[in-house]
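Okay, here's what each chain looks like letter by letter:
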Amino acid sequence: LLAYGLQWLFGREGHDERLQSIDAIMKHFRIPNGLPGHVEAGIGDIPFGTGPLGKGASHGLGTAFGLKYLKQAGMVDVLLADGDAQEGQVAEAFRLATHLKTDNLVVHGDFNDIQLSDLPSKTVASDFAAIAHAEGWNVIEVQNGNDPAQVVAAQEKADGLKNGRPTFICYY
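Residues numbered from 1 in each chain as written. Predicted model: local features only at pLDDT ≥ 70, side-chain atom pairs only at ≥ 80, totals over all residues. Heavy atoms only, no water.

> Tell me about the overall build of the protein chain, residues and numbers included.
Of regular secondary structure, the protein chain possesses seven helices and four strands. Starting at the N terminus and walking to the C terminus, you meet the elements of the protein chain as α-α-α-β-α-β-α-α-β-α-β. In terms of C-alpha radius of gyration, the protein chain reaches 17 Å, essentially the compact-globule figure of 16 Å for 172 residues. Taken along the three principal axes of its C-alpha coordinates, the protein chain extends 45 × 45 × 30 Å. Within the protein chain, the fraction of its 172 residues that count as buried is 35%. On the protein chain, the mean spot of the 13 positive side-chain charges and the mean spot of the 21 negative ones are 6 Å from each other. (Helix = DSSP H or I, 4+ residues; strand = E, 2+ residues; numbered from the N terminus. Rg over C-alpha atoms; globule rule 2.2 N^0.38 Å. Buried < 20%, exposed > 50% of the residue type's maximum accessible area, 1.4 Å probe, protein only. Lys, Arg positive; Asp, Glu negative; His and termini not counted. Charge placed at Lys NZ, Arg CZ, Asp CG, Glu CD.)

> Lay out the packing of helix 1 (residues 2-9) against helix 2 (residues 22-29) in plain terms, naming residues and giving numbers.
Two numbers describe how helix 1 lies on helix 2: the axes approach to 10 Å, and their chain directions differ by 150°. Relative to helix 2, helix 1 is oriented roughly antiparallel. The way helix 1 lies across helix 2 gives a crossing that is right-handed. For the pair helix 1 and helix 2, contact is made by Tyr4, Gly5 and Trp8 and by Ile22, Ile25 and Phe29, respectively. Here the residues of the contact of helix 1 with helix 2 sort into five nonpolar, one polar and no charged. (Axes fitted to C-alpha atoms, helices over the stretch in contact; angles between N-to-C directions. Parallel < 35°, antiparallel > 145°, perpendicular 65-115°, else oblique. Left-handed = near helix turned anticlockwise from the far one by under 90°. Contact = heavy atoms within 4.5 Å. Nonpolar A, V, L, I, M, F, W, Y, C, P; charged D, E, K, R; others polar.)

> Let's hear about the sheet that holds strand 4 (residues 167-171): which residues, and what values?
An order of 1-2-4-3 is seen for the four strands of this open sheet, with the pairing classed as parallel. Edge strands, defined here as strands with exactly one partner in the open sheet, are strand 1 (76-81) and strand 3 (138-142). For this sheet, the mean inter-axis angle between neighbouring strands, taken without regard to orientation, is 20°. On top of the sheet, helix 3 (residues 55-69) reaches strand 1 and strand 2 (105-110); it is set at about 170° to strand 1, its chief contact. (Pairing = 2+ DSSP bridges.)

> Which residues make up the pairing of strand 1, and what values go with them?
In summary, the side chains of a regular strand alternate between the two faces of the sheet. A one-sided burial pattern is seen for strand 1, the buried positions being Val76, Val78 and Leu80 and the unburied ones Asp77, Leu79 and Ala81. As paired elements, strand 1 and strand 2 share six bridges and run parallel to each other. Within strand 2, the position partnered with leucine 79 by the bridge is histidine 108.

Structure (structure tokens):
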């Protein structure tokens, strides 16, 4: 929903009737053949889709490396949920991000133990903050991801890290 809401908010919905208002977005998100749960390319001006799970980390890495390769400024922020993190391509992207020294990449990991099928803690036993640390990332842990002050403090800390390593912010 966030991606669709941002398309509407910033006037980037184009001629897609499903994105013409918040009410239209909510209506079309809740019906069969409406807006997909995973963002797809071509809705509004969205350049690429987010499904399958974990693809956002790979896309973010490619974008961050592209900016560095072209010597262009810019930060890339990726939202990663605990269900996404179960996919192997996330671990591969984490390894490559360190190798490529993408210190313009920040992955925000939402580890609230919620996903569609079952509790992630029942389906995967991994400490993703420890994995990111082992891969050479800067790791910032936010003990209460629902506390705006903790979230802002973590993001400000991440903004100050320019040491050649990507940053993983883990929200619990």
